Amino acid sequence: MTIAPRWRKVARDLLAHKLRTLLVVLSIAVGIFAILVVMGGRGILLDSFGTNFPKSDPASAVLYTSPFGSELVDRVGRSPGVAIAEGRQAAVVRYRSGDLLDVSEPPAQMTQASPPRDISLVAATDWAAVQVDRVFAQGGAPWPPGRDEVVLETSSQQISPLAAGDVVTVDLPDGTRKLLRVAGFAHDINAVPAMFSGRLVGYVTPQSMADLQQGAGMNELVLSLSDAHLDRAGVSRAVSKIRDDVVAPVGIVTYSAYVPTPGSHQLGDIFKAVSILLLALGAMALGLSGFLVVNTVSALLAQQMKQLGIMKAVGGRVSQITAMLLTLVAVYGGLAILIGLPLGSYWASWFARFAGGLLDFGPAAATPPLYTIVLAVAVGFLVPLIAAAFPIHTGTRVSVVNALNATGMDSQRFGHSLIDRALGRLRGLPRPTALSLRNTFRKKGRLALTLATLVLATSVVMSVGSVRGSILKTVSDVSQWWNYDVEVNFAQPESATLVQREALKVRGVTGAEGWLVTAAALKRGDGSENDQLSVVGLPPRTRFVTPAIVTGRWLRDTDSNAVVVNTDLVKSENLSVGQTVKLHVHGADRQFRIVGVVRGQLMGPVFFANQSYLSALIGSQGSVTRVLVRTDDHTIAGQDGTADQLQRHFTDMGVAVAGVQGEASNAADLANQLGILVTFLIVMAVILSAVGVIGLTGTMIINVLESTREIGVMRAIGASHASIFKVFVTEGFTIGLLAWLGGAALSWPMSYALVRLLESAVGIPLSFEFSWQVVVACLFVVSAISAAASLLPAYNASQVSVRDAIAYE
Amino acid sequence: MPALVTPGSDPLISLSSVVKTYDTGEVPFTALKGVDLTVEPGEFVGLIGKSGSGKTTLINMITGIDRPSSGDVVIGGTPIQRLSENRLAMWRGRTIGVVFQFFQLLPTLTVVENVMLPMDFCDVHAPREREAFALDLLEHVEMADQAHKLPAALSGGQQQRVAIARALANDPPILAADEPTGNLDSGTAESVFELFEALVERGKTIVMVTHDGDIAARVERALHVRDGEIVDDIRRGGRA
Ligand SMILES: Nc1ncnc2c1ncn2[C@@H]1O[C@H](COP(=O)(O)OP(=O)(O)OP(=O)(O)O)[C@@H](O)[C@H]1O
Ligand SMILES: [Mg+2]
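Cut-offs and rules
Residues numbered from 1 in each chain as written. Chains lettered and ligands numbered in written order. Predicted model: local features only at pLDDT ≥ 70, side-chain atom pairs only at ≥ 80, totals over all residues. Heavy atoms only, no water. Helix = DSSP H or I, 4+ residues; strand = E, 2+ residues; numbered from the N terminus. Rg over C-alpha atoms; globule rule 2.2 N^0.38 Å. Buried < 20%, exposed > 50% of the residue type's maximum accessible area, 1.4 Å probe, protein only. Contact = heavy atoms within 4.5 Å. Lys, Arg positive; Asp, Glu negative; His and termini not counted. Charge placed at Lys NZ, Arg CZ, Asp CG, Glu CD. Near = heavy atom within 4 Å. Polar contact = N/O pair within 3.5 Å; in protein donor to acceptor, adjacent residues only side chain to side chain. Areas by Shrake-Rupley, 256 points an atom, 1.4 Å probe, with all protein chains shown as cover. Nonpolar A, V, L, I, M, F, W, Y, C, P; charged D, E, K, R; others polar. Pairing = 2+ DSSP bridges. Axes fitted to C-alpha atoms, helices over the stretch in contact; angles between N-to-C directions. Core = buried A, V, L, I, M, F, W, Y, C linked by side-chain atoms within 4.5 Å. Parallel < 35°, antiparallel > 145°, perpendicular 65-115°, else oblique. Left-handed = near helix turned anticlockwise from the far one by under 90°. Buried area = accessible area lost by both parts, 1.4 Å probe. Salt bridge = Lys/Arg side-chain N within 4 Å of Asp/Glu carboxyl O. Domains from an automatic or database assignment. Patch = residues over 30% accessible without salt bridge, like charges linked within 9 Å, V, L, I, M, F, W, Y side chains within 5 Å.

## Side note on the overall build of chain B
At step 1: Secondary structure summary: chain B contains 7 helices and 10 strands in total.
At step 2: Relative to the globule expectation of 18 Å for 240 residues, the C-alpha radius of gyration of chain B, 17 Å, shows essentially globular dimensions.
At step 3: For chain B, the spread of C-alpha atoms along the principal axes amounts to about 45 × 45 × 40 Å.
At step 4: Split into buried and exposed, the 240 residues of chain B put 54% on the buried side.
At step 5: Of the contacts formed within chain B by residues at least 6 apart in sequence, a portion of 67% connects residues at least 24 apart.
At step 6: Both charge centroids of chain B, one from 22 positive and one from 33 negative side chains, sit 3 Å from each other.

Written out as structure tokens, the structure reads:
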């Protein structure tokens, strides 16, 4: 079988110009890679969420109550509308890692090396029989956990080095300690990942709970309703009815209720934000790699122009030549797929593991879903073909004369546009520099595409810097609120005078103030309720917090049913100053008037009320549930140390402490949670930068290839390697500088848009801060990268053989 | 400028037993078969011969644009095959002005900038003085009034004059030109040739490949190249 000469030409074109083939293949491959990592990674995440979330049979609602027994669970389970009811016992305990039973009083260094931390323990009567909010043991962990054992939620690994076989020492209410052995890990997709809550979650049996002196009753009622089609308001109404008709009559108090939007995950909003970012990134990667391919393919065709003319002169038909070129391009696409597909799949699953780990989505597939692979393959073939269609169309229609006359130094004229003339007027530059500058603008279409790629990449990098800056600013703005160092929450209301006096006895404490915090439900117009609220009663003239008023005013001593709400609440419930709201507090509905809005602390929706009024309203007779403490040491370690001392002090005097929290570590946790989004943005920025760098390198390689003759001439008139090297590095550097300028201009609106997008995704107001430092830092990075990206092409340029370069053909 | 030439002693250009074999084709092809040649300072040498006879190959040996497979090339006392590619380029910039058939001006630099470029590369003259020297050279080739145009705005003959001015930028003792008039009409070719004659008057040594019979007949010394060998060396009147 003989191969027609024109197909032999296709094969030779591929082999003879290895650098060019490599360049075209790489620029297509980078697009396939980026799309596969982004879309494939997203696909794996969606799939693992789509499998693992329904598999857990998520609860319709959870009621957090005073202790109850199994009769209540049975009774609720038999209520109309309830499919399944289960009870859980939850408690927060403090632990230190390691066996510290024999250490009488941990010395300061010990506290620092192994600081006390909180862990939420959850017990079910029979873990193996759980049908709602299921938990799945991983890697052969014993299930249910044995006595003296705890199985940790997989996300615990995000913040703790604890591994199977480790032991922890738990502080018991009576002041003694007990050891728990970490038996392994279990995945609970409905648990808040440790990174977000700042605390570990562990699973134990009721027996272990009793051993840890946590009492016997259950305190969480997990419900699955039989009507799967109810909306959130419907579920809320049904749950309120169960609370009022079944739970309350037997003397059980419901503190709060968790009613998610049916079928949605608690991190759904964040995941949605991440998913939108990924889609945007995928689209950008597709566009950018399209640019690259257009660039390289049109340069390739420009080089072929003369040969096209010859083929036409010897009788080649347009359709034959077109088929030849399209085959060439398709072969490039095929080669690119061979490179991009395996690499892209590998990094897609890496990315999915990384993101799935942060979001705690559980086990995931190892390869991207088929549709993303099909998409990547289609992109690999179609984008280059589409990119080539236009230049091929114009190229094959060029007249033979024009094509053959493409001789001499350059077919494209320099000197006609405004930019060219402006550059021409730039006097006094050394000629090599002038050459670099003007050559930069010679191929304007190519420069525009290269710049578009780089400008996008740099502006995304800069914007990520600003998003990070905005998050830090948000945390610092929010931290203005805290004028105290440690907050101690009590399990039951305690005498204000007692706890304030006792707190002051702890070393390092300089001030203390008691607050009254009570759960509340907001009655909405449609009969549903928001059960996730609290009313905080505080002295209006408190010096322990600094309210940042958004609208209206702060509380006054003379206020009665006036409340100030925080922005978190305004956002989720659409409230405004002057409005009257109905709250279900302490078993009764009460009217409150909103007098002001303060900036939220990113800690959930809160109503602030005059403490004396609230105290009288719920008959608490001057007792408080929280004490705020000021210390002389404001560092994380100092605050955590004092927190530990306070916990010990109150426990020793028989006051049950529900939790202590140092405010600096609180702020740090907050920054960490928001930081997850920054991590995604950084991944995005890195991928885009890689595309940008390859794009710039590609453009420089094409420029060098097309300048071969000029390089030869320069060598012939005395240019050293270094001179030629400098000409091209300067050109790359100039492009980098222009990209930086464009990126800087674009980064402000882009940062702003990104921060607003994140804000709506996470549902909390963020402060905006434009990060000039990152923009300036980018100048140095971009300069360095663009100089580096032109090194290889510049080296190639300096190696050009003079004879070949100026040979007539 | 170091004195490259000691008058009356060694020849300026000296090739001995220069062989050039191309092995890019299917079978190796010997384009120069042991050429011996000496050129004295101030000579105007024309290389003539049929297409494919080896003229370009020979002139490339003199300019160092290509290297011989064997044999020695000594220019102004420098055995150029001992120079690295890099040193060779800088040596060429100062020693030999190269003129091409297709002019090869850089399209993004103006006329005067093209002439200044070799000075920049070889660091000849103080940077501030370069423009004055370049304008002076352009004056000499009667192109000073076009100094600030881009090459694309010039005719072929004008471009070649600029290219000659560029070849003279670093005041090299030798000028090498491969068919400098090949792309010009006869009138324009004539004026370029007169320019060369005037340069020889001023002491330059010129080696030029030409196809043009009329011009070939007017050079001082004509070397006939055939099948990679110099078969005839004709000196004509003048300054012998
Ligand atoms: N790079 C090369 N590779 C292989 N052979 C070559 C190469 N360059 C020249 N030749 C061969 O060497 C011989 C001499 O070529 P050269 O270019 O020196 O001829 P020329 O006398 O300059 O011809 P013309 O008048 O057409 O320019 C030719 O037969 C040519 O085929
Ligand atoms: Mg020739």
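## Topic: the site of ligand 1
All names here are of chain B.
At step 1: In the vicinity of ligand 1, 15 residues are found, and the nearest of them are Thr-24, Ser-51, Lys-55, Thr-56 and Thr-57.
At step 2: One of the backbone N or O atoms of Ser-53 is found 3.3 Å from an oxygen atom in ligand 1.
At step 3: For ligand 1, an oxygen atom lies 3.0 Å from a polar atom in the backbone of Gly-54.
At step 4: Computed on the free molecule, ligand 1 has an accessible area of 630 Å², of which 69% lies beneath the protein chains in the complex.
At step 5: Among the elements that take part in the shell around ligand 1, helix α1 (residues 55–63) stands out by supplying 3 residues, more than any other.
At step 6: Classifying every residue of the shell around ligand 1 by side-chain character gives 3 nonpolar, 8 polar and 4 charged.

## Quick notes on the environment of Trp-91 of chain B
Residues and elements named next belong to chain B.
At step 1: In this structure, Trp-91 sits in helix α2 (residues 85–95).
At step 2: With 25 residues separating them along the chain, Trp-91 and Met-116 place their C-alpha atoms 17 Å apart.
At step 3: Not counting residues up to four positions away in its chain, the partners in contact with Trp-91 are Ile-62, Thr-63, Ile-75, Thr-78, Ile-80, Leu-83 and Ile-96.

## Observations regarding the sheet that holds strand β5 (residues 78–79) of chain B
Residue and element names in this part refer to chain B.
At step 1: Strand order across the open sheet formed by 4 strands is β2-β1-β4-β5, with antiparallel pairing between neighbours. The open sheet terminates on both sides in strands that have one partner only, identified here as β2 (29–39) and β5.
At step 2: Of the strand pairs in this sheet, strand β4 (residues 70–75) and β5 are connected by 2 bridges, and their pairing is antiparallel. Note that in β5 the partner of Val-74 across the bridge is Pro-79.
At step 3: Running over the sheet, α1 touches β1 (13–22), β2 and β4 and is turned about 125° from β1.

## Quick word on the nonpolar core
At step 1: Tyr-332, Val-460, Val-467, Phe-608 and Leu-681 of chain A are the most contacted members of the largest nonpolar core, which has 101 residues in total.
At step 2: Counting residues in each nonpolar core, the second largest holds 40 residues, with Ala-134, Leu-168, Phe-196 and Ile-206 of chain B among its members.

## Description of the packing of helix α3 (residues 111–122) of chain B against helix α5 (residues 156–167) of chain B
Residues and elements named next belong to chain B.
At step 1: It is the contact of α3 with α5, at a shortest axis distance of 8 Å, that shows an interaxial angle of 30°. By the criterion of interaxial angle, the relationship of α3 to α5 is roughly parallel. The two elements α3 and α5 cross, and the hand of that crossing is right-handed. Listed contacts from α5 to Val-111, Asn-114, Val-115 and Pro-118 of α3 are Val-162, Ala-165 and Arg-166.
At step 2: Across the contact of α3 with α5, the residue classes break down as 5 nonpolar, 1 polar and 1 charged.

## What to know about the interface of chain A and chain B
At step 1: Contact residues are listed per partner, giving 30 residues for chain A and 35 residues for chain B.
At step 2: Carbon and sulfur atoms make up 63% of the surface buried where chain A meets chain B, a total of about 3100 Å² over both sides.
At step 3: Joining chain A to chain B, the criterion identifies 3 salt bridges.
At step 4: Mapped onto the side of chain A that touches chain B, the elements with two or more residues apiece are α13 (431–440), α20 (708–716), α21 (721–762) and α24 (802–806) of chain A.
At step 5: When the residues that make up the side of chain A that touches chain B are grouped by side-chain class, the tally is 14 nonpolar, 6 polar and 10 charged.

## A word on the side chain of Ser-240 of chain A
All names here are of chain A.
At step 1: Examined against the element boundaries, Ser-240 turns out to sit in helix α7 (residues 232–247).
At step 2: On the accessibility criterion, Ser-240 (7% relative accessible area) is buried.
At step 3: A polar side-chain atom of Ser-240 sits 2.7 Å from the main-chain carbonyl oxygen of Ser-236.

## Some points on the domain arrangement of chain A
Residue and element names in this part refer to chain A.
At step 1: Each assigned domain of chain A is listed here: domain 1 (1–57 + 284–401), domain 2 (59–258), domain 3 (407–481 + 663–809) and domain 4 (486–632).
At step 2: The straight-line distance from the C-alpha centre of domain 2 to that of domain 4 is 27 Å.
At step 3: Taken residue by residue, the interface counts 9 residues in domain 2 and 10 residues in domain 4.
At step 4: Summed over both partners, the interface of domain 2 with domain 4 buries about 810 Å², with 39% contributed by carbon and sulfur atoms.
At step 5: Per-residue buried area on domain 2 facing domain 4 is highest for Arg-237, Arg-243 and Ala-257; these three make up 45% of the total on that side.

## A closer look at the sheet that holds strand β3 (residues 44–49) of chain B
Residue and element names in this part refer to chain B.
At step 1: Taken in spatial order, the 6 strands line up as β6-β7-β8-β3-β9-β10 in an open sheet, and their pairing is mixed. Two strands close off the open sheet at either side, each with one partner strand: β6 (96–99) and β10 (229–235). Strand-to-strand, the axes of this sheet are offset by a mean angle of 15°, without reference to chain direction.
At step 2: One ladder, built from 4 bridges, connects β6 with strand β7 (residues 174–178); its direction is parallel. Bridging across to β7, Val-98 finds its partner in Ala-176.
At step 3: α2 contacts β6 and β7 of the sheet and is inclined by roughly 85° relative to β6.
At step 4: Against the sheet, helix α6 (residues 186–201) engages β3, β7 and β8 (205–209), with an angle of about 150° to β8.

## Topic: a nonpolar patch on the surface
At step 1: A grouping of Leu-335, Leu-338, Ile-339, Leu-343, Tyr-346, Trp-347 and Trp-350 of chain A is seen on the molecular surface, where their side chains present a nonpolar patch of about 690 Å² in accessible area.
At step 2: Summarising the element assignment, Leu-343 of chain A is placed in helix α9 (residues 318–359).

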